Amino acid sequence: MLAIDIKNLSKSYKIGNTKFSVLNQINLEVKQGEFVAIMGPSGSGKSTLLQVMGLLDTADSGTYRLFGKQIEKEPSNVLSDIRGSMIGFVFQQFHLLSKSNAIQNVCLPSLYTEINEPTKVAEIQLKKVGLENRTHHTPSELSGGQQQRVAIARALLNDPPIIFADEPTGNLDSKSKIEIMLELKRSHEEGKTIVMVTHEPEMAEYCDRIIHVIDGKITNEERKRKSREIHLGTYNILKRKSGWNLIKGIIKQSFFSLTTNRLRTFLSALGILFGVVCVISVMALGEGAKKSVEDQFSSLGANLVIVRTGGMRSGGVSMEAGTINRLDVYDVSAVSKKFPEVKQISAVVNGRAQLVYGNRNWNSFVTGASFNYESLRNLEPTEGRFFTEEEDNKRALVCLIGNTVVRELFDGKNPVGTYLKINRISFRVIGQLPEKGSTGFRDQDDVVLVPLNTAMRRLLNKDAVDNLEMELDPNESSENFIVSIKRFLHERHGTNESMGNIYQVMSMADIQSAVSESNQTMSTLLIALAIVSLMVGGIGIMNIMLVSVKERTKEIGLRKALGARESDIRIQFLIESTLTSLTGGIVGLVFGILTVLFLQEYFGWTIVLSFPSIGFAFLFSISIGILFGWWPSEYAAKLSPIVALRSE
Ligand SMILES: Nc1ncnc2c1ncn2[C@@H]1O[C@H](COP(=O)(O)OP(=O)(O)OP(=O)(O)O)[C@@H](O)[C@H]1O
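Residues numbered from 1 in each chain as written. Predicted model: local features only at pLDDT ≥ 70, side-chain atom pairs only at ≥ 80, totals over all residues. Heavy atoms only, no water.

Quick look at the site of the ligand
- Near the ligand you find 13 residues, and of these Ser 42, Lys 46, Ser 47, Thr 48 and Arg 646 are the closest.
- Separating an oxygen atom of the ligand from a backbone N or O atom of Ser 44 is a distance of 3.1 Å.
- Between Ser 47 and the ligand, the recorded distance is 2.7 Å, taken from a side-chain N or O atom to an oxygen atom.
- In the complex, the protein chains occlude 63% of the 630 Å² of accessible area that the ligand would expose alone.
- Breaking the shell around the ligand down by element, the ones donating at least two residues are strand E1 (2-15) and helix H1 (46-53).
- Per-element tally for the shell around the ligand: the top contributor is H1, with three residues.
- Of the residues that constitute the shell around the ligand, the class distribution is four nonpolar, six polar and three charged. (Near = heavy atom within 4 Å. Polar contact = N/O pair within 3.5 Å; in protein donor to acceptor, adjacent residues only side chain to side chain. Areas by Shrake-Rupley, 256 points an atom, 1.4 Å probe, with all protein chains shown as cover. Helix = DSSP H or I, 4+ residues; strand = E, 2+ residues; numbered from the N terminus. Nonpolar A, V, L, I, M, F, W, Y, C, P; charged D, E, K, R; others polar.)

Some words on the pairing of strand E19 (residues 425-432)
- Relative to E19, strand E16 (residues 383-384) runs antiparallel, the two sharing two bridges. The partner of Glu 383 across the bridge, within E19, is Gln 432.
- Sheet analysis places strand E17 (residues 398-401) next to E19, joined by four bridges and oriented parallel. For Leu 400, the partnering residue across the bridge sits in E19 and is Gly 431.
- Note: strand E18 (residues 419-422) against E19, four bridges, orientation antiparallel. By the bridge assignment for E19, Lys 421 is matched with Ser 426.
- Linking E18 to E19, which pair antiparallel, is a turn of two residues; within it Asn 423 sits at a positive phi near 45°. (Pairing = 2+ DSSP bridges.)

Considering the side chain of Thr 495
- Its place among the elements puts Thr 495 in the loop between helix H15 (478-493) and strand E22 (503-507).
- Side-chain polar atoms of Thr 495 contact the side chain of His 490, separated by 2.8 Å.
- Those residues within four positions of Thr 495 in sequence are excluded, and the remaining contacts are Arg 326, Leu 489, His 490, Ile 502 and Tyr 503. (Contact = heavy atoms within 4.5 Å.)

With respect to helix H14 (residues 452-459)
- The buried fraction of H14 is high, at six of eight residues.
- After H14 finishes, the residue Asn 461 shows a positive phi value of roughly 50°. (Buried < 20%, exposed > 50% of the residue type's maximum accessible area, 1.4 Å probe, protein only.)

Examining the sheet that holds strand E7 (residues 162-166)
- With mixed pairing, the six strands of this open sheet are ordered in space as E6-E7-E8-E3-E9-E10. The strands lining the two open edges of the sheet, one partner per strand, are strand E6 (87-90) and strand E10 (217-223). Each adjacent strand pair in this sheet contributes to an overall mean axis angle of 20°, direction not counted.
- Judged from the five bridges that link them, E7 and strand E8 (residues 193-197) form a sheet pairing that is parallel. Residue pairing in the sheet places Ala 165 in a bridge with Met 196 of E8.
- Taken strand by strand, helix H5 (residues 144-156) contacts E6 and E7, and its axis lies near 170° from that of E6.
- Helix H6 (residues 174-189) rests against strand E3 (35-39), E7 and E8 of the sheet, and its axis sits at about 150° to E8. (Axes fitted to C-alpha atoms, helices over the stretch in contact; angles between N-to-C directions.)

Some thoughts on the packing of helix H8 (residues 243-260) against helix H18 (residues 566-603)
- The N-to-C vectors of H8 and H18 enclose an angle of 50°; their axes lie 9 Å apart at closest approach. Compared by their axis directions, H8 and H18 come out oblique. Considering the relative orientation of H8 and H18, their crossing is right-handed. Contacts between H8 and H18 involve Leu 246, Ile 247, Ile 250, Ile 251, Gln 253, Ser 254, Phe 255, Ser 257 and Leu 258 from the first element and Asp 568, Ile 571, Gln 572, Ile 575, Glu 576, Leu 579 and Thr 580 from the second.
- Looking at side-chain class alone, the contact of H8 with H18 contains nine nonpolar, five polar and two charged residues. (Parallel < 35°, antiparallel > 145°, perpendicular 65-115°, else oblique. Left-handed = near helix turned anticlockwise from the far one by under 90°.)

A look at the domain arrangement of the protein chain
- Along its sequence, the protein chain is organised into domain 1 (2-241), domain 2 (253-294 + 514-646) and domain 3 (311-501).
- Between domain 1 and domain 2, the contact holds 25 residues from the first and 22 residues from the second.
- On inspection of domain 1 and its partner domain 2, the count reaches two salt bridges.
- The residue Asp 81 makes a salt bridge to Arg 565 at a minimum N-O spacing of 2.6 Å.
- Elements supplying a minimum of two residues to the side of domain 1 that touches domain 2: H1 and helix H2 (76-86).
- Here the element with the most residues in the side of domain 1 that touches domain 2 is H2; it accounts for six residues.
- Along the lines of polarity and charge, the residues of the side of domain 1 that touches domain 2 split into nine nonpolar, 10 polar and six charged. (Domains from an automatic or database assignment. Salt bridge = Lys/Arg side-chain N within 4 Å of Asp/Glu carboxyl O.)

Digging into the pattern of salt bridges
- Evaluation of the coordinates by the stated rule reveals 33 salt bridges.
- The closest approach of N and O atoms between Lys 128 and Glu 190, which form a salt bridge, is 3.6 Å. Of this pair, Lys 128 sits in helix H4 (residues 118-128) while Glu 190 sits in the loop between H6 and E8; the two residues are 62 residues apart in sequence, bridging distant segments of the chain.
- The class for Lys 128 is partly exposed, based on a relative accessible area of 36%.

Some thoughts on the packing of aromatic side chains
- Taken as a whole and judged by the stated rule, the model has 10 aromatic pairs.
- Judged by centre distance (4.7 Å) and plane angle (35°), the ring pair of Phe 386 and Phe 387 falls under tilted. With respect to burial, Phe 386 and Phe 387 carry one shared label: buried.
- One aromatic cluster in this structure is built from Phe 598, Tyr 602, Phe 603 and Trp 605. (Phe/Tyr/Trp six-rings, centres within 6.5 Å; stacked < 30°, edge-to-face > 60°.)

Some details on the nonpolar core
- Judged by nonpolar contacts, the single largest core of 43 residues is most densely connected at Ile 422 and Met 470.
- Considering each element in turn, this core owes the most residues, six residues, to strand E14 (residues 342-357).
- When near neighbours in sequence (up to four residues on either side) are disregarded, Ile 422 contacts Ala 353, Gln 354, Leu 355, Val 366, Cys 399, Phe 427, Val 448, Val 450 and Leu 459.
- Residues Leu 23, Phe 91, Ile 211 and Ala 561 belong to the second largest nonpolar core, which totals 39 residues. (Core = buried A, V, L, I, M, F, W, Y, C linked by side-chain atoms within 4.5 Å.)

Some thoughts on unusual backbone geometry
- Although it is not a glycine, Asp 159 adopts a positive phi angle of roughly 45°.
- Position of Asp 159 among the secondary structure elements: in the loop between H5 and E7.

Observations concerning a nonpolar patch on the surface
- Together, Ile 586, Val 587, Val 590, Phe 591, Leu 594 and Leu 597 give the surface a local cluster of nonpolar side chains, amounting to about 500 Å² of exposed area.
- Relative to the helices and strands, Leu 594 resides in helix H18. (Patch = residues over 30% accessible without salt bridge, like charges linked within 9 Å, V, L, I, M, F, W, Y side chains within 5 Å.)

What about the side chain of Glu 34?
- Relative to the assigned elements, Glu 34 resides in the loop between strand E2 (18-31) and E3.
- Residue Glu 34 is classed as buried on the basis of its relative accessible area, which comes to 2%.
- Only 2.8 Å separates the side chain of Glu 34 from the side chain of Arg 223, close enough to count as a polar contact.

Quick look at the sheet that holds strand E4 (residues 61-66)
- One open sheet holds the four strands; their spatial order is E2-E1-E4-E5, and the pairing between them is antiparallel. Both outer strands of the open sheet, E2 and strand E5 (69-70), are each paired with one neighbouring strand and no more.
- In the sheet, E4 pairs with E5 via two bridges, with the strands oriented antiparallel. Note that in E5 the partner of Arg 65 across the bridge is Gln 70.

In structure tokens:
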């Protein structure tokens, strides 16, 4: 069986609309075990012929059998597998990976082809080429001759039956040229078929046979010596690596490539990092805002509805809310009777008063309400007790005070049992109200609470009440209730809608859902912005990946020459972009959590860090890596091996 059997092979290159014929009806036979040199003037087509024979390029017409296997119609994956298992390449420019050391470079083919104990084989090959003391040197730490010897060791790793060498001595000094030729000769003596392109007659002298090519045609042949006849029979093709074994190797390579280019990796991960910090913070703040709104409203009381007297038009003049009080204490029983859905109700009066304790003064807000105000407004005292119905009926001089008043007048000490002057009247403090916080425009803890009748008759001198506050059955629609109660109050007080918005009714549940809705809109908007920033980060990754593909085009060509399939290259670049965005995602996650904790600690903002938001940011960053890495990976995968190897 012939090693190479070429019949009527032609190839042309197209530049613009013009076709240039490079190989013209080539017929060539190379026996197993031959050492053949191809010579000819520059531009005659020697390298093109070698590349077609090495399956790095394809011919336009003609037939080609390599060790009996018909090549022309094979798909690119099969060609990759044949290159990986049957062919060794030695190039003029060595094509070593600059960041990998000698042993790593020699082992590279084992990434794609199943080779037994590749490191051991690599060490043996490096020893054979006299580099046993240079195994951990990178190409920049080796001479040109030594680099080419590493490349020869690499070409021999998979023990291929044939080696294609394109000007292997072209870049070397005369001493190194001889060393390299001796290495090739040794391989030849070990049974390899070698086809070498050279323009140096001295180098061709090492070969058995010289083929002269001029203008894409074989013009003549010279036989230097008789070749040893070798018959390998059917060559036992090495298997391509597959499954986890293959992926594991590619992941290792990706890690290596990312860690040897740390700055580039860091810069491309930066966009994702900021994006994830934004997503985490915005989601935590959004959830926090939602929670604080819920807390605020639940502290106001369950399903609370407040009726207050609004403005009224008098002779065409609109008057301010609360100008005319039409509500009275009798409305309480009337409403309870009329509306069974009202579970409890209290009349409320408000005013301001001067408080004096010892030599301290404080102007505060006074509220008068019924004894059931405790359950209506969730006001269970933190110290002492609430006033009773009896105390309300007797207009007792007792009060409960809010936290701000306790702080201003009592230095935060328990005030229960002391006497406090409210508008010069002495009241006994019977309880301290729970903390309610600020609603934004009013400090709800700056308050003194007294029984309704005490407030109306002894403190504020009011006949009318300011508000009716009630708890509505949660199963009732507050919308219908608001309409009914307004109508009822108009009827009771002889007023009507045309007189103005006399009764203003607020349902806390409605207000809460309105506030939550606007919060939701705000956080959706912010999340959208954060996602846009992640996208921008993704575009950053894509740009850097594209630059990286361009920069590493030769490396891609080399990997393909050594047996990498399109899918292997695609996976490698996809893993690189995904690992980059994942790194950004993980670091962003840590910074995001720290940012959120910082905001909570120093600004006192309510923050809710939820696992779904962390998971979302994490998964999103991986997806960005895959999404934006796809195009550069596809571009790299589709590069033709020879175009990639020849790129500048
Ligand atoms: N990708 C390409 N596109 C267009 N023309 C090409 C391409 N590659 C090679 N050529 C042309 O094909 C011809 C043969 O090139 P090839 O590299 O095979 O020649 P060679 O004999 O090896 O030359 P040298 O000894 O200078 O390397 C040259 O004229 C070259 O310009």
